[in-house]
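# Secondary and tertiary structure notes
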Amino acid sequence: MRFIIEGGWMFMVPLVVLLGVVIVLFFLGLKNNTEKNSKLIKSISLFSFVFGVLGFVIGMLAALGAIANTNNSIPPQILAGGLKVGLIAPTFGLMIFLLGRLLDIILLWKRED
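Reading guide: rules and limits
Residues numbered from 1 in each chain as written. Predicted model: local features only at pLDDT ≥ 70, side-chain atom pairs only at ≥ 80, totals over all residues. Heavy atoms only, no water. pLDDT = per-residue confidence, 0-100. Helix = DSSP H or I, 4+ residues; strand = E, 2+ residues; numbered from the N terminus. Buried < 20%, exposed > 50% of the residue type's maximum accessible area, 1.4 Å probe, protein only. Contact = heavy atoms within 4.5 Å. Phe/Tyr/Trp six-rings, centres within 6.5 Å; stacked < 30°, edge-to-face > 60°. Core = buried A, V, L, I, M, F, W, Y, C linked by side-chain atoms within 4.5 Å.

Before going further, it helps to examine the confidence of the model for the protein chain. Confidence in the prediction of the protein chain, expressed as mean pLDDT, is 90, and 99% of residues score 70 or more. In the model of the protein chain, helix α1 (residues 2–6) stands out as the element of lowest mean pLDDT, 77, in contrast to helix α5 (residues 88–110), which has the highest, 95.

What follows is about the side chain of Asp-104. Residue position: Asp-104 is located in helix α5. Residue classification places Asp-104 among the buried residues on the basis of a relative accessible area of 7%. When neighbours within four sequence positions are excluded, Asp-104 is seen to be in contact with Ser-38, Ile-41 and Lys-42.

In the structure shown here, the tally under the stated rule is four aromatic pairs. Considering the side-chain rings of Phe-26 and Phe-27, the 5.4 Å spacing of their centres and the 65 degrees angle between planes classify their relative orientation as edge-to-face. Each ring, one from Phe-47 and one from Phe-51, has its centre 5.8 Å from the other, and the planes form 20 degrees; the classification is stacked. Remark: Phe-51 and Phe-47 occur in helix α3 (residues 35–68); sequence separation between them is four residues, near one turn of the helix. For Phe-47, a relative accessible area of 48% translates into the label partly exposed. Judged by its relative accessible area of 18%, Phe-51 is buried. Pairwise contacts between aromatic rings join Phe-11, Phe-47 and Phe-51 into one cluster.

What follows concerns the environment of Ser-45. Mapping Ser-45 onto the fold places it in helix α3. When the C-alpha atoms of Ser-45 and Leu-94 are compared, they prove to be 8.3 Å apart, with 49 residues separating the residues in sequence. Dropping the residues within four chain positions of it, Ser-45 is found in contact with Val-22, Gly-93, Ile-96, Phe-97, Gly-100 and Arg-101.

With that settled, consider the nonpolar core. Ranked by size, the top nonpolar core spans 17 residues in total, and within it Met-12, Leu-15, Val-22 and Ile-41 carry the most contacts. Breaking this core down by element, the ones donating at least two residues are α2 (9–31), α3 and α5. By residue number, the principal contributor to this core is α2, which donates seven residues. Leave out the neighbours within four places in its chain, and Met-12 touches Phe-3, Ile-4, Gly-7, Ile-88, Ala-89 and Phe-92.

Below, the structure written as structure tokens:
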């Protein structure tokens, strides 16, 4: 769970909540497999990915602004560490997106028409 703190609570906590919502919707879909559950899983998982990318863009804008205002050169190790931390939120959002799609495929497979 250290990655949640490293990724920034402002974006990681909502992503964890969205992950929980996707999982709850999947289990609700197992009981009552409707098109609404499927669409909600798709929409929330896509929103999670885009929200993670938004966190990356905002973080990079702030970091690039700080780099532009410094008079010293930035060591590559610090720059690489910052990029690594910045990519945590979009990576987690992408994992939620892929999990949501997988769960949607399972619901579609189990749906009886």
